[in-house]
Amino acid sequence: MFGLMRWKTDYEQQGLALYQACLDSATDSALYKAHGLPDTFTGRFDVLTLHISMVTYRMKDMDQGEKTAQAMFDVTFAACDQMLREMGIGDMGVPKHMKKMMTAFHGRMDGYFKAFEDGKQKSLADAVMRNVYATVPDASDAQAKKFAKAVTSAMTHLGTQADDDIAAGRAEFQWS
């Protein structure tokens, strides 16, 4: 898997497992069909960023959650680097693309964290509209609200999972 098996420490292995759980859910075609998500490179990056934000937010108060979240971030961007190279981006262009992706990732994650903290569906729907549906010309507020409710449901399900399971990289997403 992307040559990422080099990750050896417990945190790195947990980060890899969490990344894979996020990636599996973020690339589920049923999720895209159910919510009209943009099935494009940018759309998938945005949906993956949302998943990683959800898991990172879930881990914020866990023992060693910060270290595991950092490992997940490291694995995520090692995979992005590998993917860019496989797409034919040369050695000179990868750093520029990675910088853009990291800036976008952090901005989106910050927006999601603010919406999660706020706890209001409108805040989350606004964040989803601004990020996930940004490239969908006919996206509606109703569509964003529906997906925001699904995100809240998935967050609630993540909250019911044991800290040890999350820390071990066993995050499950349940979309409604």
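Our subject is the structure that appears above.
Below or above, wherever it landed, is the structure these notes cover. (Residues numbered from 1 in each chain as written. Predicted model: local features only at pLDDT ≥ 70, side-chain atom pairs only at ≥ 80, totals over all residues. Heavy atoms only, no water.)

### Some words on the pattern of salt bridges
Then step 1. The full count for this structure, using the stated rule, is seven salt bridges.
Then step 2. The salt bridge involving Lys60 is made with Asp61; its shortest N-O contact spans 3.0 Å.
Then step 3. What makes Lys60 partly exposed here is its relative accessible area of 40%.
Then step 4. A salt bridge links Lys114 to Asp110; the nearest nitrogen and oxygen atoms lie 3.2 Å apart. One end of the pair, Lys114, and the other, Asp110, are both in helix H5 (residues 94-118), four residues apart, so they sit about a helical turn from each other.
Then step 5. Judged by its relative accessible area of 55%, Lys114 is exposed.
Then step 6. Asp110 gets classed as partly exposed once you look at its relative accessible area, which sits at 40%. (Salt bridge = Lys/Arg side-chain N within 4 Å of Asp/Glu carboxyl O. Buried < 20%, exposed > 50% of the residue type's maximum accessible area, 1.4 Å probe, protein only. Helix = DSSP H or I, 4+ residues; strand = E, 2+ residues; numbered from the N terminus.)

### A closer look at the packing of helix H4 (residues 65-86) against H5
Then step 1. Where H4 meets H5, the closest approach of the two axes is 10 Å, and the angle between their N-to-C directions is 140°. Looking at the two axes, H4 sits oblique to H5. Considering how the two elements wind past one another, H4 and H5 form a crossing that is right-handed. Touching Phe73, Phe77, Cys80, Asp81, Met83, Leu84 and Arg85 of H4 are Val94, His97, Met98, Met101, Met102, Phe105 and His106, all from H5.
Then step 2. When grouped by side-chain class, the residues that make up the contact of H4 with H5 number ten nonpolar, two polar and two charged. (Axes fitted to C-alpha atoms, helices over the stretch in contact; angles between N-to-C directions. Parallel < 35°, antiparallel > 145°, perpendicular 65-115°, else oblique. Left-handed = near helix turned anticlockwise from the far one by under 90°. Contact = heavy atoms within 4.5 Å. Nonpolar A, V, L, I, M, F, W, Y, C, P; charged D, E, K, R; others polar.)

### Some points on the side chain of Arg108
Then step 1. Note on placement: Arg108 falls in helix H5.
Then step 2. One polar contact links Arg108 to Asp46, side chain to side chain, over a distance of 2.6 Å.
Then step 3. With residues up to four places along the chain from it excluded, the contact list for Arg108 reads Asp46, Thr49 and Asn131. (Polar contact = N/O pair within 3.5 Å; in protein donor to acceptor, adjacent residues only side chain to side chain.)

### What about the environment of Ser29?
Then step 1. Tracing the backbone shows Ser29 in helix H2 (residues 29-35).
Then step 2. Linking Ser29 and Lys8, residues 21 residues apart in sequence, is a C-alpha distance of 31 Å.

### Comments concerning unusual backbone geometry
Among all residues save glycine, negative phi is the norm, and among peptide bonds the norm is trans.
Then step 1. Phi is positive for Gln64, which is not a glycine, with a value near 65°.
Then step 2. Mapped onto the elements, Gln64 comes out in the loop between helix H3 (41-59) and H4.

### A closer look at the layout of surface pockets
Then step 1. When its volume is computed, the largest pocket comes out at roughly 220 Å³.
Then step 2. Along the walls of the largest pocket sit 14 residues, with Tyr19, Leu23, Phe41, Leu48 and Met83 positioned nearest its centre.
Then step 3. Within the residue set of the lining of the largest pocket, elements represented by two or more residues are helix H1 (10-26), H3 and H4.
Then step 4. Its residues assigned to classes, the lining of the largest pocket comprises ten nonpolar, three polar and one charged. (1 Å grid on protein atoms, 1.4 Å probe; cavity = no way out; pocket = protein on both sides within 12 Å on 5 of 7 lines; lining within 4 Å. Points joined across faces, edges and corners; volume = space filled by probe spheres on them.)

### Points about the packing of aromatic side chains
Then step 1. The final tally for this structure, using the stated rule, is eight aromatic pairs.
Then step 2. With a centroid separation of 6.5 Å and 15° between ring planes, the pair formed by Phe173 and Trp175 is classed as stacked.
Then step 3. Each residue in the set Tyr57, Tyr112, Phe113 and Phe116 is aromatic and connected to the rest through ring pairs, giving one cluster.
Then step 4. When the ring centre of Tyr32 is taken as origin, the NZ or CZ atom of Arg44, which lies over that ring, is 5.0 Å away.
Then step 5. Across the ring face of Tyr57, the terminal group of Lys60 is positioned such that the distance to the ring centre comes to 4.8 Å. (Phe/Tyr/Trp six-rings, centres within 6.5 Å; stacked < 30°, edge-to-face > 60°. Lys NZ or Arg CZ within 6 Å of the ring centre and 35° of its normal.)

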